[in-house]
Amino acid sequence: MSFRREAHVPKGGPDGGDGGHGGDVVLKADASVSSLVDYRFKHHFKAQRGTHGKGSKMHGARGEDLVLRVPVGTVVREFDEAAKQPGELIADLAHDGEAITVADGGMGGRGNTHFVTSTRRAPAFAELGEPAQECWVELEMKLLADAALVGMPSAGKSSLISRMSAAKPKIADYPFTTLVPNLGVAVSGDDSFVIADVPGLIEGAHEGRGLGHEFLRHIERTAVIVQVVDLTGDYEGRDPLDDYETIKRELGLYAHELVDRPRIVVANKADAPGTDEAFERLARRVREDSVAAAGGDEFADSPIDPKLCRTSALTGSGVEALKGAIATKVRLLREEAREKAASEARYDQVWQHRRDERNAAFDVFEEEPGTFRVAGRQVERMVVQTDWENEEALLFLQHRLRRLGVDDALREAGARNGDEIRISGRAFDYEAADDDEDVYRELDL
């Protein structure tokens, strides 16, 4: 609060400057960052606070934003620290440079120049600054790949990715050799794509068995699922058709949308003797699925029509044809995605709009007989920003609450004269005037 004071200006008007807003906390996807290790042990981050306003309409400086860099492919969710449960999805930072504000800086208080009206020419009050917003968020990194190799343990997925790209995963003749996903870049003609080797899945993976959730989440982003089937049945002598159905079922149970994901089936280890009969049975089953995906039309082309490739990761037979099939499918899906993105409006701040709507809303409920609580971010912010030592500021708060509809909501909730109204650590007496204008008086507590 400030008034102009100069020689020869006996009635200088209000000239209090605004306080600077606090800085925002921003998460930004950065292709140069490869992991979330920076957030493994440090969990608290704070942006810079704003500075105070001054007289002569000098506004305070805004606090500097805190930009936290995260890997491309990071999923950001709200997190309930009390319940230890993730909440609403905030953003999916799938592209380099994408950013989301997860905590807005507190609003700086307005100087007394903002409260001049035709009847209030010299307001002797100003707003206090808003306290900083605090929140917990959960960060989860998911691999970004165009295609994912999935299958039972020891189906030959690591051998295939080593044949298709420059990736050098660990390869051995025992199951669960691969414990973490591997990424490789494959090239076929003029096309290239990123392929992931996902560790082996087992029956019950959708329930978390065998670290199923840890592996399956990396498949959610992939455009094409490459299902690898071991024609030999491995050392356990499994039936290749049972493996095919098991993986297909586990994907669908984990996330139903994976059922409709474009799929290529790879009959691997075709160099082994005695695999012709298993391949023929698998080919018939894949063809049946293809016809079903096309709605029963044997000659129709469906985007989820599974294709079958016969390969040998040991000899390299069929690997080039497999790379070509994946590259073609990925190219077509990229073109469709670009056309869809061009035809649809982009709403990059959908979560921000939802948060603003939640902040503007408020609830009124009776905590106990004769005591009501008003809860809502905007209402609570008004109370916090009020200077309780200034009578004019209190009258202005009454006016703001009335315009927001708090008075009507209290009346509808059953508030009566003398009831206690609580808002953000403050308590008031409620009085309904004869002209239906409600008056708040702070309790002397």
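Residues numbered from 1 in each chain as written. Predicted model: local features only at pLDDT ≥ 70, side-chain atom pairs only at ≥ 80, totals over all residues. Heavy atoms only, no water.

(A) Representation of the sheet that holds strand β5 (residues 99–103) in the model. Spatially, 3 strands are ordered β2-β1-β5 in an open sheet, and the strand pairing comes out mixed. With one partner strand each, in any of the chains shown, β2 (66–71) and β5 form the two edges of the open sheet. Averaged over neighbouring strand pairs, the angle between their axes works out to 30° when direction is ignored. Of the strand pairs in this sheet, strand β1 (residues 25–30) and β2 are connected by 6 bridges, and their pairing is parallel. Each bridged residue has a counterpart across the sheet, and for K28 the counterpart in β2 is R69. (Pairing = 2+ DSSP bridges. Helix = DSSP H or I, 4+ residues; strand = E, 2+ residues; numbered from the N terminus. Axes fitted to C-alpha atoms, helices over the stretch in contact; angles between N-to-C directions.)

(B) Region of the structure containing unusual backbone geometry. Here K84, not a glycine, exhibits a phi torsion of approximately 55°, which is positive. With respect to the secondary-structure elements, K84 resides in the loop between β3 (74–80) and β4 (85–93). With a phi close to 45°, S424 is a non-glycine residue in the positive phi region. Looking at the secondary structure, you find S424 in the loop between β15 (420–423) and β16 (426–432).

(C) Just helix α9 (residues 406–413), in detail. Where α9 is concerned, the buried positions are V406, D407, A409 and L410. The buried residues of α9 occupy an angular sector of 165° when the element is viewed end-on, so they sit on one face. Within two residues after α9, G414 carries a phi angle of roughly 100°, on the positive side. (Buried < 20%, exposed > 50% of the residue type's maximum accessible area, 1.4 Å probe, protein only. Arc of directions from axis to C-beta.)

(D) How the structure looks around the environment of Q85. Examined against the element boundaries, Q85 turns out to sit in strand β4. Sequence separation between Q85 and E138 is 53 residues; the distance between their C-alpha atoms is 9.3 Å. Leave out the neighbours within four places in its chain, and Q85 touches F79 and D80. (Contact = heavy atoms within 4.5 Å.)

(E) Region of interest: helix α1 (residues 157–164). When α1 is considered as a whole, its buried residues turn out to be K157, S158, L160, I161 and M164. Down the axis of α1, the smallest arc covering the buried residues is 160°, so these residues share one side.

(F) How the structure looks around the sheet that holds β4. Ordered in space as β4-β3-β6, the 3 strands form an open sheet in which the pairing is antiparallel. On the outer flanks of this sheet lie β4 and β6 (137–141), each paired with one strand and no other. The mean angle between the axes of side-by-side strands here comes to 30°, regardless of whether they run parallel or antiparallel. In this sheet, β6 lies alongside β3 in antiparallel orientation, the contact comprising 5 bridges. Following the sheet pairing, E78 is matched in β6 by V137.

(G) Seen up close, the packing of aromatic side chains. In this structure the tally under the stated criterion is 1 aromatic pair. Between Y39 and F45 the ring centres are 5.5 Å apart and the planes differ by 65°, which places this aromatic pair in the edge-to-face class. The exposure class of F45 is partly exposed, given its relative accessible area of 29%. Above the ring of F279, the side-chain terminus of R310 is found at 4.3 Å from the ring centroid. (Phe/Tyr/Trp six-rings, centres within 6.5 Å; stacked < 30°, edge-to-face > 60°. Lys NZ or Arg CZ within 6 Å of the ring centre and 35° of its normal.)

(H) Summary view of the confidence of the model for the protein chain. Here the protein chain averages 78 in pLDDT, and 82% of its residues register 70 or above. In this model, residues 170–178 is a region of pLDDT below 50 whose contacts with residues beyond four sequence positions or in other chains number 18 contacts. Every residue in residues 434–445 scores below 50 in pLDDT, and together they form 33 contacts with partners more than four places removed in sequence or on other chains. (pLDDT = per-residue confidence, 0-100.)

(I) The pairing of strand β7 (residues 147–151), seen in detail. Among the 5 residues that make up β7, 5 are buried, leaving the element largely enclosed by the rest of the structure. Burial of β7 is two-sided: the residues A147, L149 and G151 facing one way and the residues A148 and V150 facing the other way are all buried. Pairing geometry for β7 and strand β9 (residues 191–197), over 3 bridges, is parallel. Across the sheet, residue A148 finds its bridge partner in β9, namely A196. Across 5 bridges, β7 lies against strand β10 (residues 224–230) in parallel orientation. Residue pairing for β10: A147 is matched across the bridge by V224.

(J) Expanded view of the pattern of salt bridges. Applying the stated rule across the entire model yields 22 salt bridges. In this structure, the salt-bridge partner of R281 is D239, at a minimum N-O distance of 3.1 Å. Linking R281 in helix α4 (residues 276–293) with D239 in the loop between β10 and α3 (240–254), this pair joins segments that are 42 residues apart in sequence. On the basis of relative accessibility, which here comes to 27%, the residue D239 falls in the partly exposed class. For E320, the salt bridge goes to K323, with nearest N and O atoms at 3.5 Å. You can see E320 and its partner K323 sitting in helix α5 (residues 319–343), 3 residues apart, about one turn around the helix. Residue K323 is classed as buried on the basis of its relative accessible area, which comes to 8%. A network of salt bridges, in which partner residues are shared, links E245, K248, R285, E288 and D289. (Salt bridge = Lys/Arg side-chain N within 4 Å of Asp/Glu carboxyl O.)

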